[in-house]
Amino acid sequence: MEITIKPKIEESWLNALRKEFDSEYFAELKSFLNEERKNYQICPPAQLIFNAFNLTPLASVKAVILGQDPYHSPDQAHGLCFSVPKGVPQPPSLKNIFKELKEDIGFQPPSHGNLESWAKDGVLLINATLTVRAGLAGSHQGHGWERFTDAAIKVVSESRAGIVFLLWGNYAIAKESLIDSSKHFILKAPHPSPLSVHRGFFGCKHFSQTNGLLTRAGLLPVNWQIE
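Student: For this particular structure, what's the right way to read the side chain of T149?
Tutor: Examined against the element boundaries, T149 turns out to sit in helix α7 (residues 145-159). Those residues in contact with T149, other than ones at most four positions away along the chain, are I126, N127, A128 and L130.

Printed below as a string of structure tokens:
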């Protein structure tokens, strides 16, 4: 089954990223994905590849959280970094994000790990690579997605002002050069993974800082509480 990408992204993003969709590298990316799909299961499902963009139109973005890869378990990935659908156990990194939220702002952890409410409230939850082969982490890195998502970050940086970028871990921090720090806010911390969370993610207070910065920029704060 051929994977059709272009119609599945929200209109403002489609217009902003049209040059990427029409590029040679993106045509090669689609060919790669079509070949992968012939032999393997791809995560997330095709209709959810651009879920982060579809739930957070460009004009609605208030904050950006950048991940690296989708979860490579078929039941986990649904197009939002760190998020899992309802009914799926919370991954360790997400549990640590919830722990920091509780300490930072008195957040009450939900029974699930679905972050769609954040996306709808203006938090762009974007992975650098938007697909992965089921069961094989990092398998779609280096095939064009990074170029596409770098372009998306640049679009936010160039077309908006006062956005808070939360960069967790060295991979995300390396994207700092894509962001105009003269008109945006950049918060950096170690990754919430159990391997690095005690090196400074706990206690970073990025969630209260984000809302303070948004308020001072004249934007509405994020409602981090998940029902």
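Moving on from the model shown.
Student: What am I meant to see in the packing of aromatic side chains here?
Tutor: Given two aromatic rings, one states the distance between the centres and the angle between the planes to describe the pair. Taken as a whole and assessed by the stated rule, the structure comprises 20 aromatic pairs. Ring geometry for W13 and F53: centres 4.9 Å apart, planes at 80 degrees, overall edge-to-face. Placement of W13 in helix α1 (residues 11-16) and of F53 in helix α4 (residues 51-55) is noted, with a sequence separation of 40 residues between them. Pair check on accessibility: W13 and F53 agree, each one buried. Ring geometry for F26 against W145: centres 6.0 Å apart, planes inclined by 80 degrees, an arrangement best described as edge-to-face. In this pair, F26 is assigned in helix α3 (residues 24-39) and W145 in helix α7, connecting sequence segments 119 residues apart. Taking the ring centre of Y40 as reference, the NZ or CZ of R133 above it sits at 3.6 Å.

Student: Explain the layout of surface pockets here, please?
Tutor: Any empty space left between atoms is shown by rolling a water-sized probe over those atoms. Of the volumes computed, that of the largest pocket is approximately 460 Å³. Considering the residues around the largest pocket, the lining is formed by 30 residues, among which Q68, D69, Y71, F82 and H191 are closest to the centre. In terms of residue count, helix α8 (residues 170-173) provides more of the lining of the largest pocket than any other element does, three residues in total. Its residues assigned to classes, the lining of the largest pocket comprises 14 nonpolar, 15 polar and one charged. Quantified by volume, the second largest pocket comes out at close to 160 Å³. If you trace the second largest pocket, you find it lined by A16, L17, R18, K19, E20, R147, D150, A151, K154, V155, E158 and L178.

Student: Looking at this structure, I do not really get the packing of α3 against α7. What am I missing?
Tutor: Describing two packed helices takes the angle between their axes plus the distance from one axis to the other. Running from N to C, α3 and α7 point in directions that differ by 130 degrees, and their axes come no closer than 9 Å. Taken together, α3 and α7 sit at an angle that is classed as oblique. Like other packed secondary-structure pairs, α3 and α7 cross with a definite hand, here left-handed. Contacts between α3 and α7 involve Y25, F26, L29 and L33 from the first element and W145, R147 and F148 from the second. Here the residues of the contact of α3 with α7 sort into six nonpolar, no polar and one charged.

Reading the values: rules and limits
- As a convention, each chain's residues are numbered from 1 in the sequence order in which they are written.
- In keeping with the model being predicted, local features are shown solely for residues with a pLDDT of at least 70 and side-chain atom pairs are shown and tallied solely at 80 or more, while totals for entire chains, interfaces and linings include all residues.
- Here the side-chain values reflect all heavy atoms present in the structure, with hydrogen atoms and water set aside.
- Put simply, DSSP marks the helices as runs of H or I at least four residues long and the strands as runs of E at least two long, and each gets a number from the N terminus on.
- Residue contacts follow a heavy-atom distance rule, with two residues in contact if any of their heavy atoms lie within 4.5 Å.
- Pairing of aromatic side chains requires ring centres within 6.5 Å, counting the rings of Phe and Tyr and the six-membered ring of Trp. Pairs whose planes differ by under 30 degrees are stacked, by over 60 edge-to-face, and all others tilted.
- The rule is simple: take the accessible area with a 1.4 Å probe, protein chains only, and divide by the maximum for that residue type; under 20% is buried, over 50% is exposed, in between is partly exposed.
- Here, over-ring charges are defined by two tests on the NZ atom of lysine or the CZ atom of arginine: distance to the ring centre within 6 Å, and angle to the ring normal within 35 degrees.
- The pocket and cavity definitions rest on a 1 Å grid over protein atoms only: a 1.4 Å probe that fits but cannot leave marks a cavity, an open set with protein on both sides within 12 Å along at least five of seven lines marks a pocket, and residues lining either have an atom within 4 Å of a point.
- Grid points are joined across faces, edges and corners, and a volume is the space filled by probe spheres set on the points.
- Residues are grouped as follows: nonpolar covers Ala, Val, Leu, Ile, Met, Phe, Trp, Tyr, Cys and Pro; charged covers Asp, Glu, Lys and Arg; every other residue, Gly included, is treated as polar.
- Between the N-to-C directions of two axes lies an angle of 0 to 180 degrees, each axis being a line fitted to C-alpha atoms and, for a helix, fitted only over the stretch in contact.
- The labels follow the angle: roughly parallel below 35 degrees, roughly antiparallel above 145, roughly perpendicular from 65 to 115, and oblique for the rest.
- Take the far helix as your reference; a near helix turned counterclockwise from it by less than a right angle gives a left-handed crossing, and one turned clockwise gives a right-handed crossing.

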